[in-house]
Every structure is written in structure tokens, then in C-alpha cells.
Amino acid sequence: MRPTVNGVLKYGMTVPSLAEADVFYRTFGLSPVEGARTLGFACEGAATEQVELLEARHKRIAYVSFGVDEGRLTEFGRDLESRGVVLKDPPRSIEAPGLWLQDPDGMWVNLREARPDPGRPLPVVEMNVGTAKPRVDVAAWRNMPEKAVPNRLGHVLLYVSDLAASERFYSGLGFRLSDRTGQILSFWHARPGDHHTFGFVQSTHPGLHHSSWEVGSLDMLMVGRELMDQKGHPGWGLGRHGLGSNLFTYFPDPWGSWIEYFIDIDQISENWEPHDYDAPTSMWGPRMPQGFVVNSESTERIEL
Ligand SMILES: [Fe+2]
């Protein structure tokens, strides 16, 4: 069987101020990665860096790293070359193992042998909903988390200049369509699990729309929302998405992209059939903020 990617490991972006990025990502609840050459962040307990920040004049998505199953990378490279994909030398300022190529928008793509970090084992959250009443003699209010501690990088959504071209390219890496909304938006997965781990929004030029991080409970999601609000990052949410159905809160980052806490995303298997739905972005909750789908990323090319 042709090798395929197994998911999203990490993304890299340039920002005008690493100091500002440091404060923002820490406030969101990610942990700085010791010894990172640039500025790295990951979920608490994650084995490897999940965000890399590089300083440059503008904020811009720089690369996305995708996992390839152990022992399959060389074969993957040969397979890509046989289909006309050009493998490149790594960008000079990035030290990461594996294969490097560029997507149709010129964004760097890194393939390396690893699996997405599954996150820490989390305690079961017992909610007395409907006919199931598992929480007995335990007062929920006495077990509130103090802050949001993201557990797992769930998905990355990119603005792309040509949705169809990006879909062809990433299908070639092994992504499968989860659901779409016409030629505006599409969600993709590499393996059974979350409804989407990657996706695209049609735009005039490439960019990072948002990254999304799973937290352990609805309480944690809302405690995190309140803390972000107090620190000057008022969010959008709580809401429940259409495609993917996850409960969400989003926060604008200092450079015009968004970052999301989520829980309760639809899980899909090999049997999932993709559909084209004109689904609402949110099924309920506060109105979508202006600028939620405005790509403010610079079009200036940044050499890495
Ligand atoms: Fe999301």
C-alpha cells in the first residue's frame, strides 16, 4: 500500500516579536520547550515541540510537519518523486529531520517519521446528562480546573489561494476528505479519529486560519476562556460547530489568526462518507465575530 501521512505533528510560523509570542502562547496554556533553538511550545507532557516560532518582519505560516509511519519515509519520498513531486533541501533556518517539499502556495511541508502526540491520559469526565447519571455523591463544583492546559494539537486550518489545487496536493500525501462546504471550505483527516485534523479555507493568498487544541473538559474550556478574557484576549464562544460538531472557544492571536480550545469533536472511522453541506459555522452561541474569516496574513514572501 502507498505510504500516507498519519496526521499533523507541528506548525511553524514567523512572527514580528518572539517576546509577544512567548507571552501569548504561555497565556493560552502551552508549555515552552526547553532547549528549543527558536521559540517552541507544546502541550504539557508532549514528547516533541508542536509549534515553532521564528522571528521575521511579518507573521506568516512557515511550514507544517506531518507524521509518516516508522520505516516508510524513504519509500514515501520515492513515491512522491515518481508522481512528479519535487523534494527540496530544507529551508536554511529550520532544523528538522525528514523530507521537505512545497505545497501549491509555496508553503513548506515537512514529512518525518513520527506520530501525532496522543496527549496525556485524562480523567473521565462524568456528567449527569439524560438517562446516564454516573456522578453520585461527588460535587462537580469542587473539582474545577484552575486553568486550561491543552492536551493535544487537534487540527490546523489554512487559508489557501486555490482550494482545488491544495486538495489535490494534500490528497496526494494521503489526506481524505471528511466534509466540505462547496468550494469555500473543506475538512480532512489522515486516519480514523477526529473528524478533521487539517483543512482549508479558500482565500486570496495563503495563511494560518487557526490551530486547535483539545482540553480535558467543558469546565476547563470555559475556565480557560475566562482567563484569556482577563488577560486581554476576549474569545468567541462557547459554541458548537457544524462540520465536526466540536464545542469551541476561539481567541484572536496578536497577528490576526485564531487559536481554539475544543472538546467533543465527532469521531470518524474508515466507514465515514464525506458530504457537501452548507452547515452553519456555529449551531448556537454568540454571533461569529467580524474578521473571523479575514485573511490578514502578509503576502510578502519570507525566506526561511
Ligand atoms: Fe477548529
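This is a predicted model, so every value here is computed, not measured.

Student: Which residues make up the sheet that holds strand β9 (residues 176–181), and what values do they have?
Tutor: Ordered in space as β9-β10-β12-β8-β13-β16-β15-β14, the eight strands form an open sheet in which the pairing is mixed. Two strands lie at the open edges of the sheet, namely β9 and β14 (236–240), each paired on one side alone. On average, each strand axis in the sheet is inclined to that of its neighbour by 20°, with strand direction left out of account. In the packing of helix α1 (residues 18–28) onto the sheet, contacts are made with β13 (207–214), β15 (247–252) and β16 (258–263), and the angle to β16 comes to roughly 15°.

Student: Would you mind going over the pairing of strand β1 (residues 5–15) in detail, with residue names and values included?
Tutor: Across the 11 residues of β1, 11 count as buried, placing the element largely inside the fold. Sheet topology note: the β1/strand β4 (residues 51–55) ladder contains five bridges and is parallel. Note that in β4 the partner of Met13 across the bridge is Leu53.

Student: Go over the UniProt feature "domain: VOC" (unreviewed entry) in the chain with me, naming the residues and quoting the values.
Tutor: Listed under "domain: VOC" (unreviewed entry) in the UniProt record, and renumbered for this structure, are residues 152–264. Between the first and last C-alpha atoms of residues 152–264 the distance is 13 Å; the span itself is 20% helix and 46% strand.

Student: Please give an account of the pattern of salt bridges that cites residues and values.
Tutor: Any two side chains of opposite charge can pair, so long as their charged atoms come close to each other. According to the stated counting rule, one finds 14 salt bridges in the structure shown. As a salt-bridge pair, Arg176 and Glu270 come within 3.2 Å of each other at their nearest N and O atoms. In this pair, Arg176 sits in strand β9 while Glu270 sits in the segment after β17 (267–268), placing the two residues 94 residues apart along the sequence. When its relative accessible area of 58% is taken as the criterion, Glu270 is described as exposed. With a shortest N-O distance of 3.0 Å, Asp264 and Arg240 are connected by a salt bridge.

Student: Tell me about the coordination of the iron ion, residues and numbers included.
Tutor: Distances from the iron ion to its protein donors, His155 (NE2), His210 (NE2) and Glu260 (OE), fall at 2.0 to 2.1 Å. Written as a sequence motif, the donor residues of the iron ion are H-x54-H-x49-E. Within this pair, whereas His155 is found in strand β8 (residues 152–160), its partner His210 is found in strand β13, the two being separated by 55 residues in sequence.

Student: For helix α3 (residues 163–172), give the residues involved together with the corresponding values.
Tutor: Burial of α3 is extensive: seven of the 10 residues sit out of reach of the surface. Among the residues of α3, Leu163, Ala165, Ser166, Glu167, Phe169, Tyr170 and Gly172 are the ones counted as buried. The positive-phi residue at the C-terminal boundary of α3 is Gly174, with phi of around 115°.

Student: Quick rundown of the nonpolar core? Include the residues and the values.
Tutor: The biggest cluster of nonpolar side chains holds 56 residues, and the ones touching the most others in it are Tyr11, Tyr25, Phe66, Leu111, Leu158, Tyr170 and Leu173. Residues Leu54, Ala62, Trp100 and Trp108 belong to the second largest nonpolar core, which totals eight residues.

Student: Lay out a nonpolar patch on the surface in plain terms, naming residues and giving numbers.
Tutor: A surface patch of nonpolar side chains, amounting to about 270 Å² of accessible area, comprises Val125, Met127 and Val129. Along the chain, Val129 turns up in the loop between β7 (108–113) and β8.

Student: Which residues make up the side chain of Glu297, and what values go with them?
Tutor: Tracing the chain through its elements places Glu297 in the segment after β17. Look at Glu297 and you get buried, because its relative accessible area is 5%. In this structure the side chain of Glu297 is engaged in a polar contact, spanning 2.6 Å, whose partner is the side chain of Lys59. Within the structure, the side chain of Glu297 is placed 2.5 Å from the backbone nitrogen of Ile61, a separation counted as a polar contact. Setting aside chain neighbours within four positions, we find Glu297 in contact with Lys59, Arg60, Ile61, His205, Pro206, Gly207, Leu208 and Ser257.

Student: Report on the sheet that holds strand β5 (residues 60–68), specifying residues and quantitative values.
Tutor: Sheet architecture is open: seven strands sit in the order β2-β3-β4-β1-β5-β7-β6, paired in mixed fashion. Each edge of the open sheet is held by one strand with a lone partner, namely β2 (31–32) and β6 (99–102). Of the strands in this sheet, β1, β2, β3 (39–42) and β4 touch α1, which is tilted by about 10° from β3. Packing against the sheet, helix α2 (residues 73–82) makes contact with β1, β5, β6 and β7, and its axis sits at approximately 145° to β7.

The rules we used
Residues numbered from 1 in each chain as written. Predicted model: local features only at pLDDT ≥ 70, side-chain atom pairs only at ≥ 80, totals over all residues. Heavy atoms only, no water. Pairing = 2+ DSSP bridges. Helix = DSSP H or I, 4+ residues; strand = E, 2+ residues; numbered from the N terminus. Axes fitted to C-alpha atoms, helices over the stretch in contact; angles between N-to-C directions. Contact = heavy atoms within 4.5 Å. Buried < 20%, exposed > 50% of the residue type's maximum accessible area, 1.4 Å probe, protein only. UniProt positions renumbered as here; feature names shortened; annotations may be inferred. Salt bridge = Lys/Arg side-chain N within 4 Å of Asp/Glu carboxyl O. Donors = N, O, S within 2.8 Å, 3.2 Å for Na, K, Ca; no water. Core = buried A, V, L, I, M, F, W, Y, C linked by side-chain atoms within 4.5 Å. Patch = residues over 30% accessible without salt bridge, like charges linked within 9 Å, V, L, I, M, F, W, Y side chains within 5 Å. Areas by Shrake-Rupley, 256 points an atom, 1.4 Å probe, with all protein chains shown as cover. Polar contact = N/O pair within 3.5 Å; in protein donor to acceptor, adjacent residues only side chain to side chain.

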